[in-house]
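Each chain is listed here by its residues.
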Amino acid sequence: MYIELPKENMVICNGMAEVKDGMLYVYGSALSDIMFELTYIIHGNTCYYCNNPLTEQAENIPEPFRKRTIDHLIPRDFGGPSITNNLRPCCLDCNSKKGNMFPEEFELWGKIKKIEPEKERRKEMRAFKEELKQIREQRRYGEIPSLPNEWMSEGVPKSAYVYFYTEEPVGAAFDKAKEFYRKYRRIQRPLIFSKNGFLLDGFNTLLYIKYTGVTRVHSIILDNVIYAGFNEYNESNALVIKK
């Protein structure tokens with residue numbers, strides 16, 4: 001798939017990435033940092049939901065400005081990747097209220113909040129929450145797809161390169177992946193690779209796959225992203241995975 005990029009050539013994230021002639025070249029830094037900065041460049045500093053202007057200022061924020069955050073349109077809980085196609089600038093207030101709802105669910109929630117009288121509003125909200133609970137479980141089991149099919153690829157690229165800082169399955173992220181698979185028998189989030197096969201996101205998921213022998217996994221291959229930081233790594237911390 002192709003991610004949304006600015007039309008202009010530019011260097012971002014203190015030189016750790018560069019947009020050039022419709023391609024994104026990644027030299028270092030976390031994928032999320034790069035995608036967050038690109039999202040603000042593409043969509044500006046206005047909340048996607050309430051249209052209030054945004055600021056990085058943490059305290060004493062003047063009206064009508066709101067604290068700046070990033071929202072995942074498809075929530076992370078349901079596999080939503082940190083790529084520009086799935087990100088929007090968002091104020092802290094809207095982001096907190098939206099939680100792990102999809103945009104259309106959040107919109108409906110907002111409409112129900114305005115229903116009068118109160119007795120009718122409470123009735124509609126109870127029904128909404130019950131239905132949402134069922135839909136979320138169906139999404140977690142994969143009965144309702146969360147990600148567009150056109151984003152997805154089966155398995156991993158023919159040759160995949162991974163920078164690893166540990167080979168041991170440790171940490172909360174690994175434990176979360178393990179618990180999710182134990183309950184739902186599927187991998188929660190796709191792996192994300194650059195066009196030239198470098199793993200950009202999903203290290204703990206890959207570790208889990210390695211240590212459990214899980215064979216079915218989905219990937220998102222970013223066809224307009226090239227990882228160009230191989231010279232930073234040597235043979236001791238570069239792992240090549242081949243089908």
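Refer to the structure above for everything that follows.
As a starting point, this report considers the structure included with it. Note that the coordinates shown come from a computational prediction; the quantities given were computed from them, not determined experimentally.

**Points about helix α1 (residues 31–43)**
Argument step 1. For α1, which comprises 13 residues, the first-to-last C-alpha distance of 18 Å matches the rise-based estimate of 18 Å (1.5 Å per residue) to within 8%.
Argument step 2. Taken residue by residue, α1 has Leu-31, Ile-34, Met-35, Leu-38, Thr-39 and Tyr-40 as its buried positions.
Argument step 3. Where α1 ends, the next residue or the one after it, Gly-44, has phi of about 80 degrees, a positive value.

**Observations concerning the sheet that holds strand β2 (residues 17–20)**
Argument step 1. The strand order across the open sheet formed by four strands is β1-β2-β3-β12, and the pairing between neighbours is mixed. Sheet topology places β1 (10–12) and β12 (225–227) at the edges, where each strand pairs with a single neighbour. Averaged over all pairs of adjacent strands, the angle between strand axes in this sheet comes to 20 degrees, irrespective of strand direction.
Argument step 2. Note that β1 and β2 share three bridges and pair antiparallel. Within β2, the position partnered with Val-11 by the bridge is Glu-18.
Argument step 3. Where α1 meets the sheet, it contacts β1, β2 and β3 (23–26), and its direction lies at approximately 130 degrees from that of β1.

**Considering the side chain of Asn-224**
Argument step 1. Checked against the element boundaries, Asn-224 lands in the loop between β11 (218–222) and β12.
Argument step 2. Overall, the relative accessible area of 4% leaves Asn-224 in the buried class.

**What about the layout of surface pockets?**
Argument step 1. The computed volume of the largest pocket comes to approximately 750 Å³.
Argument step 2. Along its surface, the largest pocket is lined by 35 residues, and Leu-200, Asp-201, Gly-202, Phe-203 and Asn-204 are the ones closest to its centre.
Argument step 3. Elements represented by at least two residues in the lining of the largest pocket include exactly α1, β8 (159–163), α5 (172–184), β10 (199–201) and α6 (203–212).
Argument step 4. It is α5 that provides the largest number of residues to the lining of the largest pocket, a total of four residues.
Argument step 5. A class-by-class count of the residues in the lining of the largest pocket yields 20 nonpolar, ten polar and five charged.
Argument step 6. In this structure, the second largest pocket is lined by 27 residues; those nearest its centre are Gly-142, Met-152, Arg-186, Ile-187 and His-218.
Argument step 7. Listed by contribution, the elements that provide at least two residues to the lining of the second largest pocket are α4 (118–140), β7 (153–154) and α5.
Argument step 8. The residue makeup of the lining of the second largest pocket, split by class, is twelve nonpolar, seven polar and eight charged.

Calculation notes
In this convention, every chain numbers its residues from 1, walking through the sequence in written order. Since the coordinates come from a predicted model, pLDDT governs what is reported: local features require at least 70, and pairs of side-chain atoms require 80 or more to be given and counted, while whole-chain, interface and lining totals use all residues. The basis for the side-chain values is all heavy atoms of the structure; hydrogens and waters are excluded. Secondary structure elements follow DSSP: runs of H or I no shorter than four residues count as helices, runs of E no shorter than two count as strands, and numbering proceeds from the N terminus. In this analysis, the expected span of each helix is defined as 1.5 Å times one less than the number of residues it contains. The buried label goes to any residue with under 20% of its type's maximum accessible area, the exposed label to any with over 50%, and the partly exposed label to all in between, with areas taken from a 1.4 Å probe on protein chains only. If DSSP finds at least two bridges between two strands, the strands pair. Interaxial angle, 0 to 180 degrees, is taken between N-to-C directions of lines fitted to C-alpha atoms, where a helix line uses only the stretch in contact. It only takes one pair of heavy atoms within 4.5 Å for two residues to be counted as in contact. We place a 1 Å grid over just the protein atoms. Points where a 1.4 Å probe fits but has no way out form a cavity, open points with protein on both sides within 12 Å along at least 5 of 7 lines form a pocket, and any residue with an atom within 4 Å of a point lines it. Grid points are joined across faces, edges and corners, and a volume is the space filled by probe spheres set on the points. Polar here means any residue other than Ala, Val, Leu, Ile, Met, Phe, Trp, Tyr, Cys and Pro, which are nonpolar, and Asp, Glu, Lys and Arg, which are charged; Gly is therefore polar.

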